[in-house]
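# A closer look at the structure
Listed below are the residues making up each chain.
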Amino acid sequence: MRQIAVCHDVAGQISRGEKRIIGVMIESNLVGGSQKLAQGKPLIYGQSITDACIGWDETLELLNGLAEAVKAGR
């Protein structure tokens, strides 16, 4: 979940005109969090089995915020 705060900070830098930021990496999946592989336990569709990710709703919010930051920084 820390990546949400970091992305907001990056968006602020972009909106203030920072030109050296050209991309971001967001660990995202349809369902937030992560799950363990366990015999006999069904997997949750759209949830990571490796690193914990943010969910789709949070991802959309971050992407929209970054798009607004790019518009403001131009």
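Scroll up a little and you will see the structure.
Residues numbered from 1 in each chain as written. Predicted model: local features only at pLDDT ≥ 70, side-chain atom pairs only at ≥ 80, totals over all residues. Heavy atoms only, no water.

### Points about the nonpolar core
Rules: Only buried Ala, Val, Leu, Ile, Met, Phe, Trp, Tyr and Cys residues count toward a nonpolar core, and they belong to the same one when joined by side-chain atoms within 4.5 Å. For every residue, the accessible area obtained with a 1.4 Å probe (protein chains only) is divided by the maximum for its type, and the residue is called buried under 20%, exposed over 50%, and partly exposed between those limits. Helical segments are the DSSP runs of H or I of at least four residues, strand segments are the runs of E of at least two, and each set is numbered from the N terminus. Should any heavy atoms of two residues lie within 4.5 Å, those residues are counted as being in contact.
Counting nine residues, the largest nonpolar core consists of I4, C7, V10, A11, I14, I54, L62, L66 and A69. For this core, the secondary-structure elements that each account for two or more residues are α1 (2-15) and α2 (56-73). Of the residues forming this core, the biggest block, five residues, is contributed by α1. Excluding its chain neighbours within four sequence positions, the residues that come into contact with I54 are M1, Q3, I4, I26, E27, S28, N29, G32, T59 and L62.

### Notes on the pattern of salt bridges
It is possible for side chains of opposite charge to pair when their charged atoms get near one another. Under the convention used in this document: Salt-bridge detection follows one rule: a side-chain nitrogen of Lys or Arg within 4 Å of a carboxyl oxygen of Asp or Glu.
This model, assessed by the stated rule, comprises two salt bridges. Across the salt bridge formed by E68 and K71, the nearest N and O atoms sit 3.5 Å from each other. A residue pair is termed a helical-turn pair when its members lie 3 or 4 positions apart in one helix, as E68 and K71 do in helix α2 at three residues. Taking the relative accessible area as the measure of exposure, E68 reaches 48% and is therefore partly exposed.

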